[in-house]
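Working through the structure, step by step
If you want the building blocks of each chain, they are given just below.
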Amino acid sequence: MTHLELSHIRKAFGPAVVVEDFNLAVTQGEFISFLGPSGCGKTTTLRMIAGFELPTAGTITIDSTDLTNTPPNKRNVGMVFQSYALFPNMTVAHNVGYGLKITSKSKTEMMQRVHEMLALIQMEEFAQRYPFQLSGGQQQRVALARALAIRPKLLLLDEPLSALDAKIRLELRHEIRRIQRQLGLTTIYVTHDQEEALSLSDRIVVMSKGKIEQVGTPTEIYNAPATEFVARFVGHINLLPVTVLNPANGVVSLGRQTLRAGRFGQLNGRPVQLAVRPEEINLGAKPDANTLNGEVESVTYLGSIVRIGLRIEHHPLSLDVFNEHTLKLPRISETLAIHFPVDACWLMEKSD
Amino acid sequence: MGRFSSIRVLLCFAVPPRCKGTNVAMSTSPPPRYRNNAWREHPLWNWVGLVPFFLFIFLFLIIPSLNLFTGAFVTNKGLFTLENLSVFRNPLVLKAYMTSLQVSLLTAVIGGLFGFFVAAAVALGHPPRWMRSLIMTFSGLAANFGGVPLAFAFIATLGRTGFVTALLKEVCFAGPDGTQICPFNPYDHGFSLYSLTGLVLAYTYFQFPLMVLTITPALEGMRKEWREAAANLGASTWQYWRDIALPVLTPSILGASILLFGNAFGAYATAQALTGGSIPLVTIFVGQQIRGDVLGNPHEGYAMAIGMVVVMAITIVAYSMLQRQASRWMKV
Amino acid sequence: MKAQPINWWAIFWIVLAALYFFLPMYGTLDFSLRMERNTISLKAYEIVFADPRFWQGFRYSTLMALITIIVSIILFVPTVYWMYLKVPQARPIMEIITILPFVIPTIVYVFGLIRTFSRPPFQLTLHALTTDMLIVAGYVVISMPFMFRAIDVGMRALDVRTLTEAAQSLGSNWFQVLVYVIVPNLRVAILSGALISFATVMGELILASFLVRPALAPYMALLGLTKAYEPAALAIISYALTWVSLGLLQLVSRGGTTRQLTGR
């Protein structure tokens, strides 16, 4: 059942087009992330859903009601800001209860709801504190409770964790997901952090320069990126320029070495590249896998894994190996054979 | 050369890690004489550089102030007394204090409100950029402008023959019985620039710009997200101002108004030049007491003057306390 | 980034403020040009400029202002420098002291000065020269909040300790560090402090009038009692003086220092 629908959304500030032809249907209870570099239009799209910006064209509907031109204070959509935006003059309890006070709920109902919310974020004992007495992580939890207290139809989170330190960020990330699942709340989460998007979302919308690059589950986004932008933005990827030898079975050549791609689309003569993730590549040669020989350029020790940089037919390639105690690290400028499964690589058109 | 090396040695005491390089450079100087420099390690030595400043302040600020203060609490023979405080029962002095408080309060409220609206217009109203810089620049100038020239400017503008008065006088209609009616001449309605009203008008010239200067940072510190968060929770613009913006701004507004109050309370030159001393402000009264002992007892004069310092001290303490509250909130 | 619609309430208040700023100025200018009936003339200015007492007042006030600035710089720059370098714990005391001239109204301060220095042991008011010394001291105190703060703000932007150590490691002594390293880096701060001190002293009425010295403001006040057009011309001249020095200040500091307390 479609809950939130954005169709043909376009937003321009004067001559600058920030969002172009944005289409998305979100079902009830889904957790969607907007992922992209800064300036890609993800926050602007979120702000249009919240009502802080009006789309230049297109419609926004929630439960089949057109909300495109509804003012923000009539939308009943909860929002959490990057900078927390707690009201500094109110206690935690008053912040959380503010939305209910506005809708003139009774005092007892308000108190009960505030209590419920503070229990949800496990901060009951902080009810009488002021925001300046809280840490960043605590403030953001209160902001989350404040947004949830009004029983919103939709929860919007605008890079809620990017102002926090790494440890708190991880903790709060799990907490957001737990609460979202518990309440079954449709959620839009804006982030530039691919790890956050991959670990939290049901589906991810990858955006670049105001346009959607790909919509899909984390697995789809990571394993089958639709465009070179997505492939490069999410995770590490090796892209080797290859020449197609046989368009029917995906056999290609890299210099004098021959390879086979597991997935390939219509090959219409444009330049293509072979894509393979570093973790799919293993050391040594293997008969029925793609095998390549290259010269070791760098060995970088990253703790649990070791990243090895190779040069193959003048092209760089990196691979990750687990740092097992049996591992014998290769030496710089040593010639090395590597292999990766045919299924783990695919052909991709070169973007202009 | 000797002096240079002793400074280097001093530096070595303070910052040991830096001494490696310095020792090389010092290879030709005599060995450091630690015993001679040991007294410089004493914490009091650190204060030596401030002695000229403290001496100056002591001589030209502390002694004169203390002198007034002690003068307020001694008899002619130099014995301690609280008798001089009876000056505050003198109806003339009381009247002067009341008038000063009244003028200061009035101009703090009027200048404060006007300045607040102007600052809000500049900070939140998205005016064209040139208007904004015009207001900010002129506020910086006008807040520092006062005294004799300000009085002359108002006389030339709103005095009996002033330019605005003349303009208002000329707005005339033919009345029902054929006579000319000129209803806007302010002097027909009991207005006088040389009265309390005129004084308040003139003071406003430097009061509201001071408000603009002191309140603008607070207004600019209002975060856009507060407004959006409030709207998101269902609040109207009016509810946002009532529940968040005004409460957040209150310490800053109060603090700035108190500053305005003190600014007007201590003003002398504008009032003296505008009214020639006909309005009995405390500052004017103190001035008359300096010129010739109008109270008949110099010690009562000191007591009256010290009373002003007490009022000013209260305002400054209140101001800094409110300022602290405001900055505590703004940090969030 | 966003094109905002024009807020007419904002424009209303801004226009009202601009009227309040400019009407008295325009009124004064207009008045000062109407000394001769039915014509615009510079007669009032001619009379003022022909009056030797005006030039005496102008010279006296300018001289006092310059001496005040020099004394302030010599007194405050080393003090603030020393405070940053050696006794940062002195800051609270210094802040209280430098705010005192706001707490003590000038008229009360003058009262104290006269009571202290018009009788032994420090009788300074007998001779013109010693009275001028007293006046300069008073001006230094009155303009201290501006001067001290300007230097303090400027010094805060410098890493005084590192600069000093760097200069010392290159062989400078204290005096050389102060003159060749610290002061050049404080040019803007010192200049803005100097300009606001200049404006303060040029317009100062109370000290000069109660210590009976021929400064500009007492001359203006006196003229105002007997004449009509000349004071308007003088007000314009004084406007111009103040606004040129404070306008320069705005240019120099880009509005930074004038946002502090101002007092009268």
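What you are looking at is a predicted structure, and each value in this text was computed from that prediction instead of being measured. (Residues numbered from 1 in each chain as written. Chains lettered and ligands numbered in written order. Predicted model: local features only at pLDDT ≥ 70, side-chain atom pairs only at ≥ 80, totals over all residues. Heavy atoms only, no water.)

**Side note on the domain arrangement of chain A**
Residue and element names in this part refer to chain A. According to the domain assignment, chain A consists of domain 1 (2-231) and domain 2 (236-349). Taking only C-alpha atoms into account, the centre of domain 1 sits 39 Å from that of domain 2. Facing nine residues of domain 1, the contacting portion of domain 2 comprises nine residues. Both sides of the domain 1 and domain 2 interface together cover about 670 Å² of buried area, and 46% of this is carbon and sulfur. Contact with domain 2 buries area across many residues of domain 1, yet Tyr-222, Glu-228 and Ala-231 alone supply 69% of it, more than any other trio. (Domains from an automatic or database assignment. Contact = heavy atoms within 4.5 Å. Buried area = accessible area lost by both parts, 1.4 Å probe.)

**A look at the pattern of salt bridges**
One pass over the structure, following the stated rule, counts 24 salt bridges over all chains. Between Arg-113 of chain A and Glu-116 of chain A there is a salt bridge; the shortest N-O distance is 2.8 Å. Highlighted residues: Arg-113 of chain A and Glu-116 of chain A, both in helix 3 (residues 107-120), separated by three residues, approximately one helical turn. When salt bridges with common partners are traced through the structure, they connect Arg-91, Glu-95, Asp-152 and Arg-156 of chain C into a single cluster. (Salt bridge = Lys/Arg side-chain N within 4 Å of Asp/Glu carboxyl O. Helix = DSSP H or I, 4+ residues; strand = E, 2+ residues; numbered from the N terminus.)

**Some points on the interface of chain B and chain C**
The interface is formed by 94 residues belonging to chain B together with 86 residues belonging to chain C. Counting each side, the surface lost to burial between chain B and chain C is near 8,400 Å², with a carbon and sulfur contribution of 77%. Our count for the contact surface shared by chain B and chain C stands at zero salt bridges. Applying the counting criterion to the chain B and chain C interface returns nine residue pairs in polar contact (both at pLDDT 80 or more). It is helix 4 (residues 51-72) of chain B that provides the largest number of residues to the side of chain B that touches chain C, a total of 16 residues. Residues that form the side of chain B that touches chain C fall into these classes: 67 nonpolar, 22 polar and five charged. (Polar contact = N/O pair within 3.5 Å; in protein donor to acceptor, adjacent residues only side chain to side chain. Nonpolar A, V, L, I, M, F, W, Y, C, P; charged D, E, K, R; others polar.)

**Topic: the packing of aromatic side chains**
Throughout the structure, instances matching the rule amount to 47 aromatic pairs over all chains. Judged by centre distance (5.9 Å) and plane angle (65°), the rings of Phe-53 of chain B and Phe-76 of chain C are edge-to-face. On the criterion of chain membership, the pair formed by Phe-53 of chain B in helix 4 and Phe-76 of chain C in helix 3 (residues 52-85) is interchain, its members lying in two chains. With respect to burial, Phe-53 of chain B and Phe-76 of chain C carry one shared label: buried. With centroids separated by 6.4 Å and ring planes inclined at 45°, the aromatic side chains of Tyr-97 of chain B and Phe-265 of chain B adopt a geometry described as tilted. With Tyr-97 of chain B in helix 5 (residues 91-124) and Phe-265 of chain B in helix 11 (residues 237-265), this pair connects stretches of sequence that are 168 residues apart. The ring of Phe-87 of chain A is capped by Arg-146 of chain A, whose NZ or CZ atom sits 4.6 Å from the centre of that ring. The ring of Trp-82 of chain C is capped by Lys-86 of chain C, whose NZ or CZ atom sits 5.9 Å from the centre of that ring. (Phe/Tyr/Trp six-rings, centres within 6.5 Å; stacked < 30°, edge-to-face > 60°. Buried < 20%, exposed > 50% of the residue type's maximum accessible area, 1.4 Å probe, protein only. Lys NZ or Arg CZ within 6 Å of the ring centre and 35° of its normal.)

**Considering the side chain of Ser-253 of chain A**
Tracing the backbone shows Ser-253 of chain A in strand 12 (residues 251-254). Setting aside residues up to four positions removed in sequence, Ser-253 of chain A forms contacts with Val-242, Thr-243, Leu-245 and Thr-258 of chain A.

**Regarding the UniProt feature "domain: ABC transporter" (unreviewed entry) in chain A**
Residues annotated in UniProt with the feature "domain: ABC transporter" (unreviewed entry) correspond here to residues 4-234 of chain A. Taken end to end, residues 4-234 of chain A comprises 37% helix and 26% strand; its first and last C-alpha atoms sit 26 Å apart. (UniProt positions renumbered as here; feature names shortened; annotations may be inferred.)

**Focus: the environment of Leu-120 of chain A**
Residues and elements named next belong to chain A. Here Leu-120 lies in helix 3. For the pair Leu-120 and Pro-247, spaced 127 residues apart in sequence, the C-alpha to C-alpha distance is 57 Å. Among all residues touching Leu-120, those that are not within four sequence positions of it are Leu-148, Glu-175, Arg-178, Ile-179, Gln-182 and Leu-183.

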